[in-house]
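# A closer look at the structure
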Amino acid sequence: MSTELPDLLVVGSGFFGLTIAERVASELDKKVLILERRPHLGGNAYSEREPETGIEVHKYGAHLFHTSNERVWEYVNRFTTFTSYQHRVFGKYDGQVYSLPMNLNLINVFFGKSHTPDEARALIAEQSSEIRTEDAQNLEEKAISLIGRPLYEAFIKGYTAKQWQTDPKELSPDIITRLPVRYNFDNRYFNDVHEGLPTDGYTAWLERMADHPNIEVRVGCDFFDVASEYKGKVPIVYTGPVDEYFGNSEGRLSWRTVDLEAEVVDVDDFQGCSVMNYNDPDVAWTRIHEFKHFHPERTYLPGKTVIVHEYSRAADEDDEPYYPINTAEDRAKLLRYRELAKEEPMVLFGGRLGTYQYLDMHMAIGSALSMYDNKIKPHFTDGAPFASGGIAE
């Protein structure tokens, strides 16, 4: 283990941190040290083979790569090829399975009648006229104003209550900005130009990003245990929780987390698709993932599959934070943390946890490339200050 100081310290080895490290190491020929609290590389994107079946499981929940950003697409293809996988989701409600997102097939099956696109539009417009969107006082009223009461009660009400552990009548209408309905039979979940899964899996992709002689990775190493060795001495890109960095001085930010329960089932195929949402309120889990469907091109042992039940709840102090709850109180705290970040010498804050934003993988990579262009490269090539403009970079 090297004892001399690196040119750059990166805290966290998710996609944001790895992108920064790779660019600085390969393009600028600088020494980068990555500190990762977990025992493995890759943050929430980490995947591993289930030992009994060999099926690749996304340890922290399903990760689906998609992007329309050509720069991001070109960049990620340096480290992995992608399969032709296109994500499709189905939802179970009251004993029937429906194709999601809401589309013409769902409308026809749910209402038991064939509709043309214009007929379906007229139907939803009539049902949603019960409440004007601008008059909505809570999430339930907002959803009804967008898609009508029948579809809301079937596909939004129970699922949302489980996600937030709160009655939708008690949730802010701001949580949903829109509820798109497709008036055709398209059931592709994402609309991006590029979509697929890494051919060799996420961990192989992540390891290739870190595989550079200028990069050292220390897993199982908590930055706060060694912070005094680096703070004020080397530039730092910090991708952990911003409130934790400042000792929760402005209060803890609130997050939702997920509990994931994996199980090997003695059948070839449990549900016929990769993700099944469970919209009934009396079913405790929000969805079930069946991971062999993410890579149908692979050969699997017959007679076994891996399913993962997913449950959603508010995150406690020791839980893994996933989705920012972003209440008005959280936003006020975040503004105060942004001011603290501006004053922190030689530290940039990035990534999902460091900026208190939910970022898809392509967004995290794109954000990291922008930080590299605008902050990090100018520092090393032109001597520009290594200073945060806050934590929204």
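For the structure itself, look to the data block above.
Okay, so let's go over this structure. (Residues numbered from 1 in each chain as written. Predicted model: local features only at pLDDT ≥ 70, side-chain atom pairs only at ≥ 80, totals over all residues. Heavy atoms only, no water.)

### Details of the overall build of the protein
A tally of regular secondary structure across the protein gives 12 helices and 16 strands. Taking 393 residues into account, the globule formula puts the C-alpha radius of gyration at 21 Å, and the protein, at 23 Å, falls close to it. Each of the three principal axes of the protein carries a C-alpha extent, and together these read 70 × 55 × 35 Å. Counting contacts in the protein only where the partners sit at least 6 residues apart, residues at least 24 apart contribute 72% of the total. (Helix = DSSP H or I, 4+ residues; strand = E, 2+ residues; numbered from the N terminus. Rg over C-alpha atoms; globule rule 2.2 N^0.38 Å. Contact = heavy atoms within 4.5 Å.)

### A look at the environment of lysine 113
Of note, lysine 113 is situated in the loop between helix 3 (104-111) and helix 4 (117-128). As a C-alpha pair, lysine 113 and leucine 33 span 80 residues in sequence and 61 Å in three-dimensional space.

### With respect to the sheet that holds strand 9 (residues 215-219)
The 5 strands lie next to each other as 9-2-1-10-16, forming an open sheet whose pairing is parallel. The strands lining the two open edges of the sheet, one partner per strand, are strand 9 and strand 16 (347-349). Ignoring strand direction, the axes of neighbouring strands in this sheet form an average angle of 15°. In terms of strand pairing, strand 10 (residues 236-238) meets strand 16 through 3 bridges, oriented parallel. Looking at the pairing, valine 237 lines up with leucine 348 of strand 16. Contacts between helix 12 (residues 361-382) and the sheet are confined to strand 1 (8-11), strand 10 and strand 16, with strand 16 contributing the most and set at about 170° to the helix. (Pairing = 2+ DSSP bridges. Axes fitted to C-alpha atoms, helices over the stretch in contact; angles between N-to-C directions.)

### A short note on the pattern of salt bridges
Working definition: two side chains of opposite charge can pair if their charged atoms are close together. Per the counting criterion, the structure on display carries 29 salt bridges. For arginine 71, the salt bridge is made with aspartate 373, and the minimal N-O distance between the two is 2.6 Å. Here arginine 71, found in helix 2 (residues 70-76), pairs with aspartate 373, found in helix 12; they are 302 residues apart in sequence, far enough to count as distant. For arginine 71, a relative accessible area of 39% corresponds to the partly exposed category. Here glutamate 153 and arginine 149 are joined by a salt bridge, their closest N and O atoms 3.6 Å apart. Separated by 4 residues within a single helix, glutamate 153 and arginine 149 lie in helix 6 (residues 149-164), roughly one turn from each other. According to the relative accessible area criterion, arginine 149 is partly exposed, its value standing at 29%. The structure contains a network of salt bridges with shared partners spanning Glu22, Arg23, Glu27 and Lys377. (Salt bridge = Lys/Arg side-chain N within 4 Å of Asp/Glu carboxyl O. Buried < 20%, exposed > 50% of the residue type's maximum accessible area, 1.4 Å probe, protein only.)

### Some thoughts on the packing of helix 4 against helix 5 (residues 139-147)
One way to put it is that helix 4 packs onto helix 5 with a least axis distance of 6 Å and a crossing angle of 145°. On helix 5, the residues that touch Ile124, Gln127 and Ser128 of helix 4 are Ile144, Ser145, Leu146 and Ile147.

### Describing the environment of methionine 102
Here methionine 102 is to be found in the loop between strand 7 (96-100) and helix 3. Taking the C-alpha atoms as reference points, methionine 102 and asparagine 184, separated by 82 residues in sequence, lie 9.6 Å from one another.

### What to know about the side chain of threonine 239
Mapping threonine 239 onto the fold places it in the loop between strand 10 and helix 9 (242-245). A relative accessible area of 12% means that threonine 239 is categorised as buried. From its side chain, threonine 239 meets the backbone oxygen of valine 11 in a polar contact 2.5 Å long. (Polar contact = N/O pair within 3.5 Å; in protein donor to acceptor, adjacent residues only side chain to side chain.)

### Quick look at the packing of aromatic side chains
All chains considered together, the criterion is met by 31 aromatic pairs. The structure contains a cluster of three or more aromatic residues connected by ring pairs, namely Phe223, Phe224, Tyr238, Tyr245, Phe246, Tyr337 and Phe349. One residue, arginine 38, lies across the ring of tyrosine 60, its end atom 4.0 Å from the ring centre. (Phe/Tyr/Trp six-rings, centres within 6.5 Å; stacked < 30°, edge-to-face > 60°. Lys NZ or Arg CZ within 6 Å of the ring centre and 35° of its normal.)

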